[in-house]
Amino acid sequence: MSGIRLNDKIPSATVDSLVGLRETPTSRVTPITVDNLSEQMLAGKIGTEIDKAATAASAGIRSAKTWAELAAVAGSAALQKGEVTDDAGTHTDPVVGGSVPNKGIFSWSVSPAGWKRTGEYIDVRANTVSGAGIATGNTPVGDNPVITVPKATSTTVRDNQNDTDAVTPSMMDVGLEADFGDRVLDEDFAAVLLRDGTGVPIIASNYDGTAYIRSTFEFTDAEYESVEVDDNMVIQRAKRWGSNKWENGPFKDLPARFDGASATIDAGNVVALLDREIKATFNDVSPRDPKVVDSDLVYKTVTGGLVSTVKEDLLAKNSLAAGTTKMNAIYGVGQSTGIGRECFPLLSTTALNPGRSLMHKGCGMRVTGTVQTSSYVNTPVAKSDLVEWVDAFERLDSISGETPFSAMGNRLVTSGAFASTEAFLFTTVGVGGTGYMQNKKGTVPYANLLAAIKRDWIMCQALGIPMEVSIDVFFGQNDRGAAAGVVKGYLVQWQSDLTADVQAIIPGHGQVVFYVSSLANWTAPTYADAFSFVPGDIAQAARENPTKIVYAGSEYIMPTAADGVHFTNVGSYMAGDMHAGARIRHKAGQASCFKAASATRSGATLTLTCNVPVGPIVRDAVNVTPPDADAGIIAGVKDGFRYYNPAAPTTISSIAILGSDLIFTLASNPGSLTANERLFMGCDGAAGANGGPTTGPRICYRDSDAGTHPYGNRRNWLAADIITPT
C-alpha cells in the first residue's frame, strides 16, 4: 500500500511469523497473521517450485546450433533450458507432438523424456541497433540516420506492426554538458540525457553522480510485452500482452539476464542496451526543450554530431513586438536578383515596421553577411550571426544592396491581411551566379537555409509562439537554357525536399509554400539568349501544384541596372512588393497574379482565359512597349505573344479583350489541334538587349489594380508562360 513504509529491515533468518495488512472487498484494511512462515513455504508448492527452479538454473543452458545436436543430449534436470540457434528445419515435438521449428527455446521434460519447444529463439546480436547513427558519448551521430531494429522475425506480432521494417527514429531529448553553457536541470535529475516520447526520463544523471536507467523496457516476445530489470539488468518482473498485471519470475521463453538490445520503437524512439552499455540513436533534426532563463536561451541539440546543451544570450525579445502570436518566417533562395545585387543606393535604411518585420542582427537580410556572389557558394553561415533578431532594414555589402525583403515586409505588415499580432522574419540564402544544382538539398546554401530555420524555430519555441516557414524564389538565370520541363522538375523536387526537412524540424508543419517569380533578363549582353523555357516551366509547376508552388508574377516590369541583368534599387523594391501581393492574394484564395489559366482553339480563333486580380484587363503599350519591332527578335511576336505550330505555321493577326479572356485571331486556320501546338507568352526577346519593360522579353497587358507603394503603382502584369491550347 502506498503511504506505509517499513523503515528497518529485519534479517531474513529471524523471520518465522508475519503480521501484515491487506485490502478486502468488505473492509478497506484487514490484519493478517502468518505463523511458521518458513516451514509453510518449504513444505508447500512454493518450496517445490523453488527447488525445481534452483535445480534447473544450476544445470545451466544447453546451447546447440542444430536440433539434431540438442536432441542427442539428454537434459540433466527437469525444466533445464535448451536453445537451438541456427536451424531452419522442423521436427516433431517429442513431448507434446506436432511439427515445430527446429530453431527455438526448449525445456527438458523427464516424462515423457525429451526437449519440449517453448518459444522463439531471439538472437540478441541480431536484435540490436545497426546502421548509421549510433551514438555513444561524443560519437558522431550523422544526418537523418535510418536505423534497422529487427524486433522479431515475424511480421504479425501482437503489436500489429511490421517489425522487419527499418525505423527512422525521431530526435530524442538530450542534455549532455558541453564546453559552453550549463546543464539543463530537471526537477528530479542533475541532467537528463534521454527522454521517451512523453517526456519521461529514460537515461539521466542523478545529483550524486550515479546514472539512472529506467528499468522498464518494451520488446517483442511471443508471450510477454515488457520486462522490468534491476541495476544489473537481471529480469525481475514481466507483463504479458494485453495485461496490466506484472508477474514475478521465472519466465517462460525469457533469459534470466537482459543482456541484449531492447527497443521502444513504435513511437519512433530507439534505445538499445548492448552489454550493459547504453547507446542511443538520434535523428539530427530538431533542437528540443528551449527555455528562456533570465536573459539566456537554453536548449538541447545535436551539433556537428555532438550531443550538447546550449546556453547563449537571448536578445530577440528586445526587438520582437510584445504580444506577438505567430512568426511568419520567410526565406529567400535562388540568385542575385533576390539578394540585392547592384541595387543601390539603399532605399530602406531604417526599420519600416519595428517589432513586426525582423531580420538577424549578425548578418542582416543576407545570411552570410556578405555580397553573396558565386565565390561565397560554399560559405557556411556563422552560428553567431543567427543569435539575435532585430528590426529589418537594408544594408550595403559591397555591390549588394537593397533586397526585395524590406518591401515585402512593409506590404505584408500594412496590408491588413495578417493579424496585427503576427510578425515576419526575413533571411535570404541566395547566391549570385548559381543555378539549382548549387542550391538544392546537399549544398552549402541549402544547409545554411536549414541552419537558419532551426535557429529561428528554437527562438520561437523559447518565446512560446508558432512559426510558419515559406520560401520566395528568385532564380532561373543560370538555368535559362534548360530544356522544357527541367526547371519544373527542379522546383517540384526543391519544394518536396524542403517540406520534408522542415516537417522534421517543426512537428506538425504543413507544406512549405514556394512563391516564385519568373526571370526576364536572359537576353542581356552577359547571356545574349533570345528564348527561354523557364517562364513556362515556372507557370506549369504552379498550375500542377497549386498548394505547394505559387506563381508570383514576371519580373519584366522591373527596371534593370546598367548591366541589363540585375534590378535597380527601385526594381528590387518592386519585386518584393509583387511577391508580397502574391502571398496576400494566395492566402485569401484569390489569383496570386495576372496569369493564364487555360487556352482553347477553334479554327483560327484562340481564346486565352486568365486569372485577373483586379479587372478589367488593359493593353498598356506605354509602360511596357511592344517588343514586335525589337531588332533581332524572332518573327511572329505580337505584344509579347507568339503562336507556335510546326505542323501548320501561322501568326497572330489581332488580339482582343473580352472580360477575363484574350481573343487571338490567327492569320490562317491551322486545322486540327496538334501535340506540339503552343502559345508562347513573354518568352521571346532580342539577344543582347537589356532586360526591362522596354527592352527585354515582355507582354503589353496588365490588370487595373489602383494600389501604390512608395515608388510606384501595383498594377499586375500578365505573367510569362507557355501554354498548350485544347
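Residues numbered from 1 in each chain as written. Predicted model: local features only at pLDDT ≥ 70, side-chain atom pairs only at ≥ 80, totals over all residues. Heavy atoms only, no water.

Along the backbone of the protein there are eight helices and 39 strands. In the protein, which comprises 726 residues, the share counted as buried stands at 50%. Restricting the contact set of the protein to residue pairs at least 6 apart, pairs at least 24 apart contribute 63%. Here the protein has roughly 31400 Å² of accessible surface; of this, 52% comes from carbon and sulfur atoms. (Helix = DSSP H or I, 4+ residues; strand = E, 2+ residues; numbered from the N terminus. Buried < 20%, exposed > 50% of the residue type's maximum accessible area, 1.4 Å probe, protein only. Contact = heavy atoms within 4.5 Å. Areas by Shrake-Rupley, 256 points an atom, 1.4 Å probe, with all protein chains shown as cover.)

Okay, the packing of helix 4 (residues 405-414) against helix 8 (residues 569-587) next. Running from amino to carboxyl end, helix 4 crosses helix 8 at an angle of 35 degrees, the nearest separation of the two axes being 7 Å. With respect to the hand of their crossing, helix 4 and helix 8 are arranged in right-handed fashion. Residues A407, M408, N410, R411 and L412 of helix 4 form the contact with helix 8, whose own contacting residues are Y573, G576, D577, H579, A580, G581, R583, I584 and R585. Of the residues assigned to the contact of helix 4 with helix 8, the class counts are six nonpolar, four polar and four charged. (Axes fitted to C-alpha atoms, helices over the stretch in contact; angles between N-to-C directions. Left-handed = near helix turned anticlockwise from the far one by under 90°. Nonpolar A, V, L, I, M, F, W, Y, C, P; charged D, E, K, R; others polar.)

Moving on to helix 6 (residues 486-505). Given a rise of 1.5 Å per residue, 20 residues ought to cover 28 Å, and the 29 Å separating the end C-alpha atoms of helix 6 matches this to within 8%. All of the buried residues in helix 6 are V487, Y490, L491, W494, Q495, D497, L498, T499, D501, V502 and I505. Packing partners of the buried residues in helix 6 comprise strand 22 (326-334), helix 5 (444-463), strand 26 (467-474), strand 27 (513-518), helix 7 (534-544) and strand 28 (549-554). (Expected span 1.5 Å × (residues − 1).)

What follows is about the environment of G435. Position of G435 among the secondary structure elements: in the loop between strand 25 (422-428) and helix 5. Every residue in contact with G435, bar those within four places of it in the chain, is listed here: Q335, N478 and D479.

For helix 4, the tally of buried residues reaches nine of 10 residues, placing the bulk of the element in the interior. Where helix 4 is buried, its residues touch strand 22, strand 23 (357-360), strand 25, strand 26 and helix 8. With its phi angle positive at about 80 degrees, G416 sits one or two positions after the end of helix 4.

This next bit is on the confidence of the model for the protein. The predicted coordinates should not be examined in detail at positions where pLDDT is low. Mean pLDDT for the protein: 77, with 67% of residues reaching 70 or above. The low-confidence segment residues 1-47 (pLDDT under 50) makes 35 contacts with residues lying over four places distant or belonging to another chain. Residue range residues 258-286 is modelled with pLDDT below 50. Its contacts to residues more than four positions away, or to other chains, number 115 contacts. (pLDDT = per-residue confidence, 0-100.)

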